[in-house]
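# Survey of secondary and tertiary structure
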Amino acid sequence: MADAVQVLRIRCGTGNCFLVSCGREAVLVDTGTAPFREKVLAACRGVSLRLILLTHGHIDHVQNAAFLAQKLEVPIAMHRDDLPLVENNLAQPLFPQGIFGRVLLAVSLRAMQGIIPSFSPTVLLREGDGLEEYGIPARVLELPGHTLGSIGLDVEGTHLLVGDALMHWAVPGCPAIYHDRDKMRESARRLAGLGERQVHFGHGNSYRNRAWIK
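Here is a short report on the structure shown in this document.

## Let's talk about the overall build of the chain
When helices and strands are tallied, the chain shows 6 helices and 15 strands. Against the compact-globule benchmark of 17 Å for 214 residues, the chain has a radius of gyration of 16 Å, which places it among compact chains. Reported as C-alpha extents along the three principal axes, the dimensions of the chain are approximately 45 × 40 × 25 Å. Taken over 214 residues, the chain has a buried fraction of 53%.

Shown next, in the form of structure tokens:
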């Protein structure tokens, strides 16, 4: 019998990282910010980590990428369209939705002035790429909108890891800040149409999905 996939949430302040494992092999999805790097590292020590996958290029998801890749001797993967954000988190302008979005945008813009230790992804992912060579039965979903190169994972048709393509603050829904509104809503509709999944967000508690976009 094949090993079941496990998704472990690693809380990093208001954000999340996830350790997706199948047997001993695992992929880390996102890396959190510097104050949480030892916490994330400790979680990864208990598995055979094969890959660090970044759902997008914002600092709260990538700040520990260089540190963890060096410590764990694993490659970093992301989408080509978010490579400019590694050098400059302000390379893709962001826009808010509503009052909460305006507050979140102000907080995010301050955070984005922080330092991202330099790294160069050696794996560039795109729609439909599988992670079987890294031990995980999952495929990559392109989910642009929050950023141009936002991606997620569909794991065995049972779990969705969506980064910030959706957020779960008071209720699950579209992100409160975005680069492209139309693409954001299209990605949300796509996720809502994939059928029942356990959805894991970059921000907020995991949730059994429903139709977010009517």
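## Things to note about helix H1 (residues 37–44)
Listing the buried residues of H1 in full gives Val40, Leu41 and Cys44. In an axial view of H1, the angular spread of the buried residues amounts to 100 degrees, which keeps them on one side of the axis. Those residues of H1 that are buried are in contact with strand S1 (5–12), strand S2 (15–22), strand S3 (25–29), strand S4 (48–53) and helix H3 (65–72).

## Focus on the sheet that holds strand S15 (residues 207–208)
Read across the sheet, 5 strands follow the order S8-S9-S10-S14-S15 without closing on themselves; strand pairing throughout is mixed. The sheet terminates laterally at strand S8 (138–142) and S15, the two strands that pair on one side only. Pairing of strand S14 (residues 198–200) with S15 involves 2 bridges; the strand directions are antiparallel. Its bridge partner being in S15, Gln198 is matched across the sheet by Arg208.

## Thoughts on the sheet that holds S4
Pairing in this open sheet of 6 strands is mixed, and the strands run S1-S2-S3-S4-S5-S7 from one edge to the other. Both edges of this open sheet fall to S1 and strand S7 (123–125), since each of them pairs with a single strand only. Strand-to-strand twist of the sheet, defined as the mean angle between neighbouring strand axes without regard to direction, takes the value 25 degrees. Seen against the sheet, H1 touches S1, S2, S3 and S4 and runs at an angle of roughly 165 degrees to S1. This element, H3, spans S3, S4 and strand S5 (76–79) of the sheet and lies at about 155 degrees to S4.

How each quantity is defined
- Residues numbered from 1 in each chain as written.
- Predicted model: local features only at pLDDT ≥ 70, side-chain atom pairs only at ≥ 80, totals over all residues.
- Heavy atoms only, no water.
- Helix = DSSP H or I, 4+ residues; strand = E, 2+ residues; numbered from the N terminus.
- Rg over C-alpha atoms; globule rule 2.2 N^0.38 Å.
- Buried < 20%, exposed > 50% of the residue type's maximum accessible area, 1.4 Å probe, protein only.
- Arc of directions from axis to C-beta.
- Contact = heavy atoms within 4.5 Å.
- Pairing = 2+ DSSP bridges.
- Axes fitted to C-alpha atoms, helices over the stretch in contact; angles between N-to-C directions.

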